[in-house]
Amino acid sequence: MRPLVSVHLGVSLDLRIAHPDGSRDFLAPYQQPHEDYGYAAFLQDIDAIVMGRYTLDAILGFDVVWPFGDRRVVVLTNRPLPSVPVPVSAHAGPLTPLLEVLGLEHVRHVYLDGGATVRQGLREHAVDRFTLSVMPELLGAGRPLFDGTVPRSHWQLDSSVAYDTGLVQVRYRRRAHP
């Protein structure tokens, strides 16, 4: 059985995930020492992370401790992986066969991270849940979350929360076509 696949991303009001140069500094003003916007609780339920190569490189460039602990991490890439301080494996090709293998290995819940990886998951109809933390800023230019390759799909709102910082978080789950 295929695991549940969830996305959890911070975006600008115009649905950009980064500036044109890949930086994500627009998120910083909304990071509060006492508030993680539900990320720790979300991560607690995750068994494996599937991310793109660019996302791996970005995380390795941050001055932080590896954020995923000992969870399994698979990087979607056609290039060799860099030397990393934690076990990470690579997968080239479609996401669906990887998810089937993870399901056979008793992975119940996968966190899909990175713009290209999320778009791939949407194209393959593999994303089940979507959490977007929307920052009250228009970037105008930058890397979009969605593009013309993402097919039409239908989602049901599970919750929405407005925070004092102006950030609004929305949680959706996939629903069948009406």
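Rules behind the numbers
Here the residue numbers are simple positions, counted from 1 along each chain's written sequence. With the structure being a predicted model, the display of local features is reserved for residues of pLDDT at least 70 and the display and counting of side-chain atom pairs for 80 or more, all residues being used for whole-chain, interface and lining totals. As a convention, hydrogens and water are excluded, and side-chain values are obtained from all of the structure's heavy atoms. In what follows, salt bridge is the name for a side-chain nitrogen of Lys or Arg lying within 4 Å of a carboxyl oxygen of Asp or Glu. Stacked, edge-to-face and tilted labels apply to pairs of Phe, Tyr and Trp rings (six-membered ring for Trp) whose centres lie within 6.5 Å, assigned for plane angles under 30 degrees, over 60, and everything in between, in that order. The buried label applies to any residue whose accessible area, calculated with a 1.4 Å probe on protein chains only, is under 20% of its type's maximum; exposed applies above 50%, and partly exposed to all values in between. Secondary structure follows DSSP: runs of H or I at least 4 residues long count as helices, runs of E at least 2 residues long count as strands, and numbering of each begins at the N terminus. DSSP-based pairing: two strands are paired if at least 2 bridges between them are found. Lines fitted to C-alpha atoms define the axes, with helix axes restricted to the stretch in contact, and inter-axis angles between N-to-C directions lie between 0 and 180 degrees. Every residue pair with non-hydrogen atoms within 4.5 Å of one another is taken to be in contact.

1. With respect to the pattern of salt bridges
Okay, so step 1: Following the criterion strictly, the structure yields eight salt bridges and no others.
Okay, so step 2: Arg16 is paired through a salt bridge with Asp14; the nearest N and O atoms lie 4.0 Å apart.
Okay, so step 3: Through salt bridges with shared partners, a single ionic network connects Asp45, Asp47 and Arg108.

2. Observations concerning the packing of aromatic side chains
Okay, so step 1: Across all of its chains, the model carries eight aromatic pairs by this definition.
Okay, so step 2: Measuring from centroid to centroid gives 5.4 Å for Trp66 and Phe68, while their planes differ by 85°, and the two rings are edge-to-face. Phe68 carries the same exposure label as Trp66, and that label is buried.
Okay, so step 3: An angle of 90° between the planes, with centres 5.6 Å apart, marks the rings of Phe130 and Trp155 as edge-to-face. Placement of the pair is Phe130 in strand S7 (residues 129–135) and Trp155 in strand S9 (residues 154–162), with a sequence separation of 25 residues.
Okay, so step 4: Exposure remark for Phe130: the relative accessible area of 5% places this residue in the buried category.
Okay, so step 5: Here a set of aromatic residues connected by ring pairs shows up, and it is made of Tyr39, Phe42, Trp66, Phe68 and Tyr111.

3. Focus on the sheet that holds S7
Backbone-to-backbone hydrogen bonds pair the strands of a sheet. The strands run either parallel or antiparallel.
Okay, so step 1: Spatially, S5-S4-S3-S6-S1-S7-S10-S9 is the arrangement adopted by the eight strands of the open sheet, whose pairing is mixed. In the strand order of this sheet, the two ends are held by strand S5 (89–91) and S9, each with one partner. Across the sheet, the mean angle from the axis of one strand to that of its neighbour is 25°, orientation sign disregarded.
Okay, so step 2: Pairing analysis gives three bridges linking strand S4 (residues 72–76) to S5, with the strands arranged parallel. When the sheet's bridge partners are listed, Val75 is paired in S5 with Ala90.
Okay, so step 3: Packing against the sheet, helix H2 (residues 53–61) makes contact with strand S3 (48–52), S4 and strand S6 (109–113), and its axis sits at approximately 100° to S3.

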